[in-house]
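The chain contents come next:
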Amino acid sequence: MARWNKSVLNPEQQRSLKLEVLYKVAAAAFRRNGYHGTSLVDIADILGVSKATLYYYVKNKQDLLFQCHLAAAEQALETICTDPSLNGLERLRRSLVAYVISIIGEDSFSVVILEERSLSDEQLRVVIEKRDAFERRLQDVVRAGVTDGSILRCDPKFAVFSVLGAANWVTKWHRPEGAWTIDEIAQASAALLCRGLAAGPVPGYPSNRLYGDQP
């Protein structure tokens, strides 16, 4: 009986799991149809629950968008590679691979950045603070790479703005039904962006048909 009890989710764990599913479904719907083109009824239908049920988890659609942004911010922070055995360039490459996967993968909480205008001023302030924290962490990775000589001397803020600008744009053109896999896109994007910051040759970078493959 004790083993059975440990295998059953308690109410708090069940709620956490349901929220995770809700945010992923909502984020996907917002990316696909836009904030204004998506209703709580649409999201409830996808989940197979009533609209009233959603109000047990979120206050309204704006609150749901806000929670998706917060979940995406936490997901982004988790993509940063902190392995101290790697140089800055390799940590940046691995971070970008994980980040691209996080914004276009099936488990993504990411919401189109333009939907921020649908947030309240206070919600937007919190989202920007979270985004800035992620960017500062990446800047630290670039700064470490400059220090250890793996990354060209550069302004870390400029470098991060540049690579994230390209990485975030993947959400605009990626199509789940397309011929390129998520991993291919993530690996190729990271390799392309990091080669531009590399202080020297970077042999051994993973390559695929999208970038770096030899004929």
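Remember, predicted model here, so these are calculated numbers, not experimental data.

The rules we used
Residues numbered from 1 in each chain as written. Predicted model: local features only at pLDDT ≥ 70, side-chain atom pairs only at ≥ 80, totals over all residues. Heavy atoms only, no water. Salt bridge = Lys/Arg side-chain N within 4 Å of Asp/Glu carboxyl O. Helix = DSSP H or I, 4+ residues; strand = E, 2+ residues; numbered from the N terminus. Buried < 20%, exposed > 50% of the residue type's maximum accessible area, 1.4 Å probe, protein only. Core = buried A, V, L, I, M, F, W, Y, C linked by side-chain atoms within 4.5 Å. Contact = heavy atoms within 4.5 Å. Lys, Arg positive; Asp, Glu negative; His and termini not counted. Polar contact = N/O pair within 3.5 Å; in protein donor to acceptor, adjacent residues only side chain to side chain. Phe/Tyr/Trp six-rings, centres within 6.5 Å; stacked < 30°, edge-to-face > 60°. Lys NZ or Arg CZ within 6 Å of the ring centre and 35° of its normal. UniProt positions renumbered as here; feature names shortened; annotations may be inferred. Axes fitted to C-alpha atoms, helices over the stretch in contact; angles between N-to-C directions. Parallel < 35°, antiparallel > 145°, perpendicular 65-115°, else oblique. Left-handed = near helix turned anticlockwise from the far one by under 90°. Nonpolar A, V, L, I, M, F, W, Y, C, P; charged D, E, K, R; others polar.

Quick look at the pattern of salt bridges
- Inspection of the entire model under this criterion finds nine salt bridges.
- Where Glu20 meets Lys24, a salt bridge forms, and the shortest distance between an N and an O atom there is 2.9 Å. Residue Glu20 and its partner Lys24 are located together in helix H2 (residues 11-33), separated by four residues, close to a single helical turn.
- Relative accessible area serves as the criterion here: at 34%, Glu20 is assigned to the partly exposed category.

Some remarks on the nonpolar core
- Counting residues in each nonpolar core, the largest one holds 31 residues, and the members touching the most others are Leu89, Leu92, Leu96, Tyr99, Val100, Phe134 and Leu138.
- Looking at this core, the elements that each hand over two or more residues are helix H6 (88-104), helix H7 (121-148), helix H8 (156-173) and helix H9 (182-195).
- Looking at which element gives the most residues to this core, the answer is H6, with eight residues.
- For Leu89, the residues in contact, after removing those within four places along its chain, are Gly145, Ser150, Ile151, Cys194, Ala198, Val202 and Tyr205.
- Listed in part, the 27 residues of the second largest apolar core include Tyr23, Leu54, Leu70 and Leu119.

A short note on the side chain of Asp63
- Inspection of the secondary structure assignment puts Asp63 in helix H5 (residues 61-78).
- Although Asp63 lies buried, it forms no salt bridge, and the closest oppositely charged side chain, Lys59, sits 5.5 Å away as judged by the N-O distance.
- In terms of polar contacts, Asp63 uses its side chain to reach the backbone amide nitrogen of Lys59, at 3.0 Å.
- If near-sequence neighbours (up to four positions away) are discounted, Asp63 is found in contact with Val58 and Gln123.

Examining the packing of aromatic side chains
- On inspection of all chains with the given rule, the structure shows four aromatic pairs.
- Ring geometry for Phe30 and Tyr35: centres 5.6 Å apart, planes at 50 degrees, overall tilted.
- Relative accessible area serves as the criterion here: at 0%, Phe30 is assigned to the buried category.
- Note on Tyr35: relative accessible area 8%, which makes it buried.
- On the basis of an interplanar angle of 85 degrees and a centroid distance of 6.0 Å, the ring pair of Trp173 and Trp180 is categorised as edge-to-face.
- By relative accessible area, which is 36% here, Trp173 ends up partly exposed.
- Here the basic side chain of Arg15 rests over the ring of Tyr56, its NZ or CZ set 5.2 Å away from the ring centre.
- We note Lys61 situated over the ring of Tyr35; from NZ or CZ to the ring centre the distance is 4.3 Å.

Description of the UniProt feature "domain: HTH tetR-type" (unreviewed entry) in the protein chain
- What UniProt calls "domain: HTH tetR-type" (unreviewed entry) maps, in this numbering, to residues 16-76.
- A distance of 19 Å separates the end C-alpha atoms of residues 16-76, which is 75% helix and 0% strand.

Some words on the packing of H2 against helix H3 (residues 40-47)
- Where H2 contacts H3, the two axes come as close as 10 Å, and the packing angle between them is 125 degrees. The angle between the axes of H2 and H3 places the two elements in the oblique class. For the pair H2 and H3, the sense of crossing is right-handed. From H2, Val21, Leu22, Val25, Ala26, Ala29, Phe30 and Arg32 reach across to H3, where they touch Ile43, Ile46 and Leu47.
- A class-by-class count of the residues in the contact of H2 with H3 yields nine nonpolar, no polar and one charged.

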